[in-house]
Amino acid sequence: MTFQHVCVLGSTGSIGENTLDVISRHPEMMSVYALSAHSRIERLAEQAHATGAKVVIVPTDSARVRFIQAWSAANPMPEIRVGEQALADTAADTAVTTVMAAIVGAAGLPSALAAAKAGKRVLLANKEALVAAGGLFMQTVRENGAELLPIDSEHNAIFQCLPHTDRATAPTTPAKGVRRLLLTASGGPFRTMALDMLSGVTPDQACAHPNWSMGRKISVDSATMLNKGLEVIEAHWLFAMPVSRIQVVIHPQSMVHSMVEYEDGSILAQLGQPDMRTPIAYGLGFPERINSGVGLLALTALGRLDFEEPNLERFPCLRLSFDALKTSQAACVALNAANEIAVDCFLKHQIRYTEIACVIEDSLGRIAGMPATGLDSLDDVLALDAHTRRIATEFCLLRR
């Protein structure tokens, strides 16, 4: 395996922290070249000191000052780059071989696209790169010979269960012999809650995921299953799979991370502990398997594995996600943008939990007249994203 110089975009989040843990276990195979953070600047300084990063990227000049003030190490301070363009420039830096794209939200799209355009190995943990710009992103991967490895546990599991490959490409047709992709979902903290109680759910309740440790925004998305809807859209682009051949299955134990059904009736599943270091290690080590630091899965202690169909009355955001994918790329952009606004308002106690779906549905309805084609450039995508955010914000203001 060629030695990897890794750029971790979003290094202070949960994916970033887990990525650095895996990298630290393999100093003979990889090292950290660059790190970025948005708000946890002091933690970024700690990470840069521990890893010997050559470059850090911060959002503003004031964050740059904070980083300098936090730097107490005797070793030389890394180069500090500032702003959104610096993220994209660093992702495309000739010194970088591998980019972990783990910036949450639409903010991570330009840098992930820059990494693909530069032909890097892209470890994709940012959903929005495919949800908002799937066609554009996959075309960029193909045209520039980039490697694309999904880091979401579900897509990583599907990738592992597909026919063997030693090259992570961007397919244009489904893998031969595959009938369906089966994405598993835990069902979140409200899987069995009475429907009439959902309107009273608090942000803290929504963020208390039963199986995974995640950030607050992603935890809310998991509770509403909008997160799973975004993964359906991702799977469509990653594996060139029609929406009619993608199914979501609730699996409360979160041990089966996803499955692939073949034409002969066989189903291949990937099992493991609910620990993101497993898919991260798979992406960093591909096509080899490397130690992730994750403990063994005690199959005899599991007792049982349960599966059930999702209730779309309980999870209207999942229904809206399927509808958006069937409609157009523009609808997918709007779905994601409206959800980001709605979740932010919910976490600030400005709307109810059950109103998240209302914000999304209203936004989708108001952009319904837009053409199903287009969005051929990053500027087009970002313009629609900004337009939808304004619509969603106005709707949330009216609900207060």
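Criteria and cut-off values
All residue numbers refer to positions counted from 1 along the written sequence of the respective chain. For a predicted model such as this one, the threshold for reporting local features is a pLDDT of at least 70, and the threshold for listing and counting side-chain atom pairs is 80 or more; totals across whole chains, interfaces and linings nevertheless cover every residue. Side-chain calculation: all heavy atoms of the structure are included, whereas hydrogens and water are not. Here a salt bridge means any side-chain nitrogen of Lys or Arg lying within 4 Å of a carboxyl oxygen belonging to Asp or Glu. Per the convention used, a helix needs a DSSP run of H or I reaching at least four residues, while a strand needs a run of E reaching at least two, with both numbered from the N terminus. The buried label goes to any residue with under 20% of its type's maximum accessible area, the exposed label to any with over 50%, and the partly exposed label to all in between, with areas taken from a 1.4 Å probe on protein chains only. Think of a 1 Å grid over the protein atoms and nothing else: a 1.4 Å probe that fits but is trapped marks a cavity, an open set flanked by protein within 12 Å on at least five of seven lines marks a pocket, and residues with an atom within 4 Å of a point count as lining. Grid points are joined across faces, edges and corners, and a volume is the space filled by probe spheres set on the points. Under the convention adopted here, Pro, Cys and the residues Ala, Val, Leu, Ile, Met, Phe, Trp and Tyr are nonpolar, Asp, Glu, Lys and Arg are charged, and Gly plus all remaining residues are polar. In this description, strands pair whenever DSSP reports at least two bridges between them. Helix axes use the C-alpha atoms of the stretch in contact, all axes being lines fitted to C-alpha atoms, and the angles between their N-to-C directions lie in the range 0 to 180 degrees. Every residue pair with non-hydrogen atoms within 4.5 Å of one another is taken to be in contact.

Colleague: Explain the pattern of salt bridges to me, please; I cannot follow it from the model alone.
Modeller: Oppositely charged side chains are able to pair whenever their charged atoms sit close together. Taken as a whole, this structure holds 28 salt bridges when the rule is applied. With a closest N to O distance of 2.8 Å, glutamate 17 and arginine 43 form a salt bridge. In this pair, glutamate 17 is assigned in helix H1 (residues 14-24) and arginine 43 in helix H2 (residues 41-51), connecting sequence segments 26 residues apart. According to the relative accessible area criterion, arginine 43 is partly exposed, its value standing at 27%.

Colleague: Looking at this model, I keep getting lost on empty space enclosed by the protein. Mind explaining?
Modeller: Over the atoms, a rolled probe matching the size of one water molecule traces out where space is still vacant. Across all of its chains, the model carries 1 cavity of 30 Å³ or more by this definition. Taken as a whole, the largest cavity holds about 60 Å³ of empty space. Lining the largest cavity are 11 residues, with Ser153, His257, Gln270, Thr278 and Pro279 sitting closest to its centre. Within the residue set of the lining of the largest cavity, elements represented by two or more residues are helix H8 (153-161) and helix H12 (277-285). Among the elements that make up the lining of the largest cavity, the one with the highest residue count is H8 (3 residues). Class assignment of the residues belonging to the lining of the largest cavity gives a composition of 2 nonpolar, 8 polar and 1 charged.

Colleague: Explanation requested: the sheet that holds strand S3 (residues 55-58) in the structure shown.
Modeller: Strand pairing within a sheet occurs via backbone hydrogen bonds; the two strands may be parallel or antiparallel. One open sheet accounts for 7 strands, arranged S4-S3-S2-S1-S5-S6-S7; its pairing is parallel. Each end of this open sheet is capped by a strand with a single partner; those strands are strand S4 (79-82) and strand S7 (147-150). Strand-to-strand twist across the sheet, computed as the mean angle between neighbouring axes with direction ignored, equals 25 degrees. Bridge analysis of strand S2 (residues 30-36) against S3 gives 3 bridges, and the strand direction is parallel. Note that in S3 the partner of serine 36 across the bridge is isoleucine 57. Contacts from H2 reach S2 and S3, with the element oriented near 160 degrees to S2. The strands touched by helix H5 (residues 109-117) are strand S1 (4-9), strand S5 (98-101) and strand S6 (121-124); relative to S6, the strand with the most contacts, the crossing angle is about 150 degrees.

Colleague: I tried to follow the pairing of S7 on my own but got confused; where do I start?
Modeller: For a regular strand, side-chain orientation follows a simple rule: the groups alternate between the two sheet faces. What you see with S7 is no split at all: Glu147 and Leu149 on one side and Leu148 and Pro150 on the other are buried throughout. The pairing of S6 with S7 spans 4 bridges and is parallel. Each residue of the ladder has a partner; that of valine 122, found in S7, is leucine 148.

Colleague: When you look at the layout of surface pockets in this model, what are you seeing that I'm missing?
Modeller: In this structure, the second largest pocket encloses a volume near 300 Å³. Lining the second largest pocket are 19 residues; nearest its centre among them are Phe159, Leu162, Thr165, Thr169 and Pro171. Grouping the amino acids of the lining of the second largest pocket by side-chain chemistry returns 14 nonpolar, 4 polar and 1 charged.

Treat this as a map of the structure, not an account of what it does.
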